[in-house]
Amino acid sequence: MKKISFPENEYESIQNYLTKLGYCYTTRVYKEVGKYKVGESYIAPWGDTLKIDEVKTYWKVSDRPFYDEMTDEEKAEIHKYSEEIGLPYEFIKFSKK
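This structure is a prediction, so every number in the text was calculated from the model and none was measured.

1. A word on the side chain of S82
Turning to step 1, where the next piece is worked out: Within the secondary structure, S82 is located in the loop between α2 (72-81) and β4 (89-96).
Turning to step 2, where the next piece is worked out: Not counting chain neighbours up to four residues away, the residues in contact with S82 comprise V61, L87, P88 and Y89.

2. Considerations on a nonpolar patch on the surface
Turning to step 1, where the next piece is worked out: A cluster of nonpolar side chains, contributed by Y30, I85 and L87, occupies part of the molecular surface with about 260 Å² of accessible area.
Turning to step 2, where the next piece is worked out: Relative to the elements of secondary structure, Y30 occurs in the loop between β1 (23-28) and β2 (41-43).
Turning to step 3, where the next piece is worked out: A relative accessible area of 42% places Y30 in the partly exposed class.

3. Description of unusual backbone geometry
Turning to step 1, where the next piece is worked out: Even without being a glycine, Y30 presents a positive backbone phi close to 55°.
Turning to step 2, where the next piece is worked out: Positive phi, normally seen in glycine, also occurs at F66, with a value near 65°.
Turning to step 3, where the next piece is worked out: Looking at where F66 falls in the secondary structure, it is placed in the loop between β3 (49-58) and α2.

4. Structural notes on the pairing of β3
Turning to step 1, where the next piece is worked out: For β2 and β3, the ladder comprises 3 bridges, and the chain directions are antiparallel. Following the sheet pairing, Y42 is matched in β3 by L50.
Turning to step 2, where the next piece is worked out: As consecutive antiparallel partners, β2 and β3 are separated by 5 residues, and within that stretch G47 has a phi angle of approximately 105°, a positive value.
Turning to step 3, where the next piece is worked out: One ladder, built from 8 bridges, connects β3 with β4; its direction is antiparallel. Following the sheet pairing, I52 is matched in β4 by F94.

5. As for a negative patch on the surface
Turning to step 1, where the next piece is worked out: A grouping of E10, D72, E73 and E74 is seen on the molecular surface, where their side chains present a negatively charged patch.
Turning to step 2, where the next piece is worked out: Here E74 shows up in helix α2.

6. Quick notes on the nonpolar core
Turning to step 1, where the next piece is worked out: Among the nonpolar cores identified, the biggest contains 12 residues, and these are I4, F6, I14, L18, C24, Y36, Y42, A44, L50, I52, I92 and F94.
Turning to step 2, where the next piece is worked out: Taken together, the elements giving at least two residues each to this core come down to α1 (11-20), β3 and β4.
Turning to step 3, where the next piece is worked out: In contact with I14, not counting residues within four places along its chain, are F6, C24, W46 and F94.
Turning to step 4, where the next piece is worked out: Core analysis: the next-biggest nonpolar cluster, separate from the first, contains 6 residues, Y58, M70, I78 and Y89 among them.

7. Points about the pairing of β4
Turning to step 1, where the next piece is worked out: Most of β4 sits out of view: 7 of its 8 residues are buried.
Turning to step 2, where the next piece is worked out: Sheet analysis places β1 next to β4, joined by 6 bridges and oriented antiparallel. If you follow Y23 over to β4, its bridge partner there is S95.

Cut-offs and rules
Starting afresh in each chain, residues are numbered from 1 along the sequence in its written order. In keeping with the model being predicted, local features are shown solely for residues with a pLDDT of at least 70 and side-chain atom pairs are shown and tallied solely at 80 or more, while totals for entire chains, interfaces and linings include all residues. With hydrogens and water set aside, each side-chain value is computed from the structure's full complement of heavy atoms. A helix here means a DSSP run of H or I that spans at least four residues, while a strand means a run of E at least two residues long, and both kinds are numbered starting from the N terminus. Any pair of residues with heavy atoms lying within 4.5 Å of one another is described as a contacting pair. Grouping into patches uses exposed residues only, defined as over 30% relative accessible area, and leaves out salt-bridged ones; the cut-off is 9 Å for like charges and 5 Å for nonpolar side chains (Val, Leu, Ile, Met, Phe, Trp, Tyr). Computed with a 1.4 Å probe, the accessible areas rest on the Shrake-Rupley method; for each residue, only the protein chains presented here act as cover. The term salt bridge refers to a pairing of a side-chain nitrogen on Lys or Arg with a carboxyl oxygen on Asp or Glu at a separation within 4 Å. Burial classification: accessible surface area is computed with a 1.4 Å probe over protein chains only, and a residue below 20% of its type maximum counts as buried, one above 50% as exposed, and the rest as partly exposed. When DSSP finds two or more bridges between two strands, those strands count as paired. Working convention for charge: Lys and Arg count positive, Asp and Glu count negative, and His plus the chain ends are omitted. For the purpose of locating charges, the reference atoms are NZ of Lys, CZ of Arg, CG of Asp and CD of Glu. What is meant by a nonpolar core is a set of buried Ala, Val, Leu, Ile, Met, Phe, Trp, Tyr and Cys residues, joined one to another through side-chain atoms within 4.5 Å.

Next up, the structure:
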C-alpha cells in the first residue's frame, strides 16, 4: 500500500483529530498535487490506514477552508509553493479506515 507523509511535529495533532472527529485535513502543494486520490487508502507514518474522502483544488490561499485559523507561517508556506508560482494546491479530507 502507498504511504502518505506528514511533518513529524503534526503526528499527534492529526491522530487526535482522527480520534475526536473521525477525520482530518491536510494541504498539499507543488509535487504532491494530484498524488492522493479519493477513495484510495494510504499508510500513515505511525501505522494507521487512512482513506482519502475528498480532494478540492484551490488557486488562492485565501480561498482555503479554515483560512482564518491558519498561522501566518502556514499561509506563507502554501503561498510560496502555489499562488506565488502559479500552481494550484489541494485541500484533502481523510479519515481512519
